[in-house]
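Below are the chains, spelled out letter by letter.
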Amino acid sequence: MMQEAIGIPACFSSSEKLAEDHQAAATAPSPQSLIMSIYRTKIANQCRLVTITWCKNLLLHGLSVSVDGPEGDHHYHCKVELKPWYFWRKQGSKHFIVDGKTVGVVWDLKAAKFNGEIEPQSDYYVAIVSDEEVVLVVGDLKKDAFRKTGCRPALIDPILVSRKEHMFGKKRFSTKIKFNEREKSHEISVECSGNCAVTKGEFDGFSPEMEIRIDGQVATHVKHLQWKFRGNELIDVNKRRVEVYWDVHDWLFGSGLRNAMFLFKPLTSLSSSLTSPMMRPMISSHADESEPGEEFSVGESSEFCLFLYAWKVE
């Protein structure tokens, strides 16, 4: 199975330590859904990866911000717990030192509207400040972030490298994503029909099937899933070619709480014209990694990947 070790915020612990295995999302006292957005930006004079994570379970919301060290083997991070049953700091700031330079994280969530989602949908900002520049700001209140910090926007825009989501459900899993910041959000849903679990080596006479829908329209329909539990296809999303990979082996042949992984990768016109779907190798789940000294590119990134981890519960 396409597996990937990623850091999961320890939402239930007072410790700042991040778990090193993505299985932590399933083995927590209560399953926690989470969203990780990974950006590349310039901090302390180097190109680094910044991860903003929102996690949610029955007890609380958690917000975690981490910055990679120069070699990618060390993380500087801070955590904010959003606890509904008593006062918590809905706006504030924290600081940490990255290679001898102060990096600030400033947030304002006092009017944030979650609308039942893991991350806020509007009326908020989370900003990262380095060298008197706002190097990254998420949320729709960007002007408020610049005014609050008193810092100018960075000359180079951050690049969204990847987004990773852990979701829990029985048969249907859905999320919303923008493949381009200038486009509208698209709803992606995955649904498995039939008996998606082996019983005594058989599927109770039903052949499992899977549908992937984009904005309600069927983009991929996989029949005989027990034979095609891994695969990839090219689909169209608003005139954009997107390659979809899936691995649902554990859904079918695992036991207990088990997950499938889906990867959505938009293709540039160059890559789609030079490489056929059958010839293109499986994309590494570490596509968000880069060399510390790598040059910045101005404009849109063609390396964006969306990873969906769909955890099936009975």
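Residues numbered from 1 in each chain as written. Predicted model: local features only at pLDDT ≥ 70, side-chain atom pairs only at ≥ 80, totals over all residues. Heavy atoms only, no water.

Draft legend 1. Layout of the nonpolar core. Judged by nonpolar contacts, the single largest core of 30 residues is most densely connected at Trp54, Val65, Val126 and Ile128. Broken down by secondary-structure element, the contributors of at least two residues to this core are strand 3 (33–43), strand 4 (46–56), strand 5 (61–68), strand 6 (75–82), strand 7 (91–98), strand 8 (101–108), strand 9 (125–130) and strand 10 (133–138). In terms of residues, this core owes the most to one element, strand 6, which gives four residues. Residues in contact with Val65, not counting those within four places in the same chain, are Val50, Thr51, Ile52, Tyr76, His77, Cys78, Val105, Val126 and Ile128. In terms of nonpolar packing, the next biggest core, distinct from the first, is built from 28 residues, Phe179, Ile212, Leu252 and Ala310 among them. (Core = buried A, V, L, I, M, F, W, Y, C linked by side-chain atoms within 4.5 Å. Buried < 20%, exposed > 50% of the residue type's maximum accessible area, 1.4 Å probe, protein only. Helix = DSSP H or I, 4+ residues; strand = E, 2+ residues; numbered from the N terminus. Contact = heavy atoms within 4.5 Å.)

Draft legend 2. Geometry of the confidence of the model for the protein chain. Of the residues in the protein chain, 71% reach a pLDDT of 70 or more, and the chain-wide mean stands at 77. Note on residues 1–21: pLDDT under 50 across the span, and 72 contacts to partners over four residues away in sequence or across chains. Predicted confidence is poor over residues 270–301, with pLDDT under 50, and the contacts of this stretch with residues over four places away or in other chains come to 52 contacts. (pLDDT = per-residue confidence, 0-100.)

Draft legend 3. A look at the pattern of salt bridges. On inspection of all chains with the given rule, the structure shows twelve salt bridges. Residue Asp99 is joined to Arg48 by a salt bridge in which the shortest nitrogen-to-oxygen separation is 2.6 Å. In this pair, Asp99 is assigned in the loop between strand 7 and strand 8 and Arg48 in strand 4, connecting sequence segments 51 residues apart. Two residues, Glu165 and Arg163, come together in a salt bridge whose shortest N-O distance is 2.9 Å. Like Arg163, Glu165 is buried. Connected through salt bridges with shared partners, the residues Glu119, Arg163 and Glu165 form a single ionic network. (Salt bridge = Lys/Arg side-chain N within 4 Å of Asp/Glu carboxyl O.)

Draft legend 4. Representation of the sheet that holds strand 18 (residues 240–247) within the structure. On the basis of which strands lie adjacent, the open sheet formed by nine strands has the order 6-5-4-3-12-20-19-18-17 and mixed pairing. Every interior strand has two partners, whereas the edge strands, strand 6 and strand 17 (230–237), have only one. Each adjacent strand pair in this sheet contributes to an overall mean axis angle of 15°, direction not counted. Looking at chain direction, strand 17 and strand 18 are connected through eight bridges and run antiparallel. In the strand pairing of strand 18, Asp236 is matched with Arg241. (Pairing = 2+ DSSP bridges. Axes fitted to C-alpha atoms, helices over the stretch in contact; angles between N-to-C directions.)

Draft legend 5. Inspection of unusual backbone geometry at higher detail. Within the chain, Asp123 stands out as a residue other than glycine whose phi angle is a positive 60°. Counting through the fold element by element, Asp123 comes out in the loop between strand 8 and strand 9. Phi is positive for Asp215, which is not a glycine, with a value near 55°. Among the structural elements, Asp215 can be located in the loop between strand 15 (209–214) and strand 16 (217–222). Its relative accessible area of 35% is what places Asp215 among the partly exposed residues.

Draft legend 6. Quick peek at the packing of aromatic side chains. On inspection of all chains with the given rule, the structure shows six aromatic pairs. Arranged with centres 6.1 Å apart and planes meeting at 85°, the rings of Trp54 and Tyr124 form a pair that is edge-to-face. Taken as a pair, Trp54 in strand 4 and Tyr124 in the loop between strand 8 and strand 9 lie far apart in primary sequence, 70 residues in all. Residue Trp54 is classed as buried on the basis of its relative accessible area, which comes to 2%. (Phe/Tyr/Trp six-rings, centres within 6.5 Å; stacked < 30°, edge-to-face > 60°.)

Draft legend 7. Quick peek at the pairing of strand 16. Direction of pairing for strand 15 relative to strand 16: antiparallel, over a ladder of five bridges. Along strand 16, the bridge assignment pairs Arg213 with Val218.

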